[in-house]
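The chain contents come next:
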Amino acid sequence: MASDVRLIAQSFDAGAELAAFTEAAAEAGGIASFLGQVRSGGGVEVLELRHYEPLTLPGMRDLAAAAERRWPLLGLLMIHRVGVMLPGDPIVLVAAAARHRRDAFAAAEFAMDHLKSESWFWKREKAGGVWSWIEPREVDFEDKRRWA
Amino acid sequence: MPLKLVFIGRLEDIAGEGERQVAAAASLDQLLDGLESDLAAALRGDRVRLAINGRIVADGNAIVLEDGDELAFLPPVSGG
């Protein structure tokens, strides 16, 4: 199985990506996916994600490999945005295809929990015209620890 | 050849720039001592990780710096 891991600087069509992934995973009995997007409301005008080239994509590839070792997957898709995003823009899309649903659910959740708390991204948001850096929340670390 | 420093996230705001070239230094401590004191204090924060030439180092005090090295200072991550 080949995982598809991408770090991209432009907006993407999550629906089209998921449709293509589904079509390629015809032997899967189930596909679990998660789409994270910039939420509207709450006063956030712009969100920006930074990365560090030597670490970020290699780290995502390692994460995909860890998920593949842990569950019998028929496909794994991981797309993460960097750059400037507006409310409603997709940030991250993860999809896992497996013969059985539990493996697909678990692999997608594992990937998301690690992307949130461990992958090399830094997020800042602009509200009321003022930028501020977002620090990880304790719950993000707790989510990751479930997989230890 | 000088060293290249990379500041990410809030560290970039404190440094006032994302990258900086500095003269070669014998140790990390010596390098940090040559920076503005508020920046040096932030870089010494216990939640700041250090990568040298794209690899995370566990103990910055144990490193030997070489000409042309890229040192990236990485605050806590927040992805997704």
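Given the structure is predicted, the values throughout are model-derived calculations rather than measurements.

Reading the values: the criteria
- Residues numbered from 1 in each chain as written.
- Chains lettered and ligands numbered in written order.
- Predicted model: local features only at pLDDT ≥ 70, side-chain atom pairs only at ≥ 80, totals over all residues.
- Helix = DSSP H or I, 4+ residues; strand = E, 2+ residues; numbered from the N terminus.
- Buried ≥ 20, exposed ≤ 12 C-beta atoms within 10 Å, placed from the backbone.
- Rg over C-alpha atoms; globule rule 2.2 N^0.38 Å.
- Pairing = 2+ DSSP bridges.
- Axes fitted to C-alpha atoms, helices over the stretch in contact; angles between N-to-C directions.
- Expected span 1.5 Å × (residues − 1).
- Contact = placed C-beta atoms within 7 Å.
- Core = buried A, V, L, I, M, F, W, Y, C linked by C-beta atoms within 7 Å.
- Arc of directions from axis to C-beta.

Enquirer: Is there a simple way to think about the overall build of chain B in this case?
Expert: Assigned secondary structure in chain B consists of 3 helices and 5 strands. Along chain B, from the amino end to the carboxyl end, the secondary structure elements read β-α-β-α-α-β-β-β. Seen through its principal axes, chain B has C-alpha atoms that stretch 35 × 25 × 20 Å. Counting only residues that meet the buried cut, chain B has 22% of its 80 residues in that class.

Enquirer: Before we go on, may I ask you to explain the overall build of chain A in this structure?
Expert: A tally of helices and strands in chain A yields 4 helices and 8 strands. Ordering the α and β elements of chain A from the N terminus gives β-α-β-β-α-β-β-β-α-β-β-α. What you see for chain A is a C-alpha radius of gyration of 15 Å, in line with the 15 Å of a compact globule of 148 residues. The principal-axis extents of the C-alpha atoms in chain A amount to approximately 50 × 35 × 30 Å. For chain A, buried positions account for 33% of its 148 residues.

Enquirer: Even after reading the chapter, I still don't get the sheet that holds strand β6 (residues 90-98) of chain A, so can you show me in this structure?
Expert: The strands making up a sheet are joined through hydrogen bonds of the backbone, oriented either antiparallel or parallel. Residue and element names in this part refer to chain A. Spatially, β1-β4-β6-β2 is the arrangement adopted by the 4 strands of the open sheet, whose pairing is mixed. Only two strands of the sheet have a single neighbouring strand rather than two, namely β1 (3-8) and β2 (30-37). Direction aside, neighbouring strands of the sheet carry axes that sit 5 degrees apart on average. The pairing of β2 with β6 spans 8 bridges and is antiparallel. In the sheet register, Leu35 faces β6, and the bridge partner there is Leu93.

Enquirer: When you look at the sheet that holds strand β1 (residues 3-7) of chain B in this model, what are you seeing that I'm missing?
Expert: Residue and element names in this part refer to chain B. On the basis of which strands lie adjacent, the open sheet formed by 5 strands has the order β2-β1-β5-β3-β4 and mixed pairing. Looking at strand neighbours, the two that pair on one side only are β2 (19-22) and β4 (55-57), the edges of this open sheet. On average, each strand axis in the sheet is inclined to that of its neighbour by 30 degrees, with strand direction left out of account.

Enquirer: How should I be thinking about helix α3 (residues 101-117) of chain A in this particular structure?
Expert: The α-helix advances 3.6 residues per turn, and as a result positions three or four apart in sequence lie on the same side. Residues and elements named next belong to chain A. Along its 17 residues, α3 runs 25 Å from first to last C-alpha, staying within 8% of the 24 Å computed at 1.5 Å per residue. Along α3, the residues that are buried comprise Asp103, Ala104, Ala107, Ala108, Phe110, Ala111, His114, Leu115, Lys116 and Ser117. Structurally, α3 contributes buried residues whose contacts are with β2, α2 (53-70), β4 (73-81), β6 and α4 (138-145).

Enquirer: So what exactly am I meant to see when it comes to the environment of Val44 of chain A here?
Expert: Residue and element names in this part refer to chain A. Note that Val44 resides in strand β3 (residues 44-51). Look at Val44 and you get partly exposed, because 16 C-beta atoms sit within 10 Å. Residues Val44 and Gly128 lie 84 residues apart in sequence; the distance between their C-alpha atoms is 7.7 Å.

Enquirer: Explanation requested: the pairing of β3 of chain A in the structure shown.
Expert: Looking along a regular strand, one sees side chains alternate from face to face of the sheet. Residues and elements named next belong to chain A. As paired elements, β3 and strand β7 (residues 121-127) share 7 bridges and run antiparallel to each other. Among the inter-strand pairings, Glu48 is bridged to a residue of β7, identified as Arg124. Note: β3 against strand β5 (residues 83-85), 3 bridges, orientation antiparallel. Opposite Leu47, over in β5, you have Met85 as the bridge partner.

Enquirer: Explain the nonpolar core here, please?
Expert: Across soluble globular proteins, nonpolar side chains have a tendency to be buried as a group. Residues and elements named next belong to chain A. Residues Met78, Ala96, Ala107 and Ala111 are the most contacted members of the largest nonpolar core, which totals 47 residues. Broken down by element, this core gets its largest block of residues, 8 residues, from β6. If sequence neighbours within four positions are ignored, Ala96 has contacts with Ala32, Leu73, Leu76, Ala104, Ala107 and Ala108.

Enquirer: Could you clarify how one ought to interpret the pairing of β6 of chain A in this entry?
Expert: Residue and element names in this part refer to chain A. Counting buried residues in β6 gives 8 out of 9 residues, a clear majority hidden from the surface. As judged from the 7 bridges shared by β4 and β6, these two strands associate in the antiparallel manner. Paired with Leu76 across the strands is Ala96, a residue of β6.

Enquirer: Explain α2 of chain A to me, please; I cannot follow it from the model alone.
Expert: The first and last C-alpha atoms of α2 of chain A sit 27 Å apart over 18 residues, in line with the 26 Å expected at 1.5 Å per residue. Where α2 of chain A is concerned, the buried positions are Leu55, Thr56, Gly59, Met60, Leu63, Ala64 and Ala67 of chain A. On an axial view of α2 of chain A, the arc spanned by its buried residues comes to 160 degrees, and they lie on one face. In this fold, the buried residues of α2 of chain A make contact with β1, β3, β4, α3 and β7 of chain A together with β3 (49-52) of chain B.

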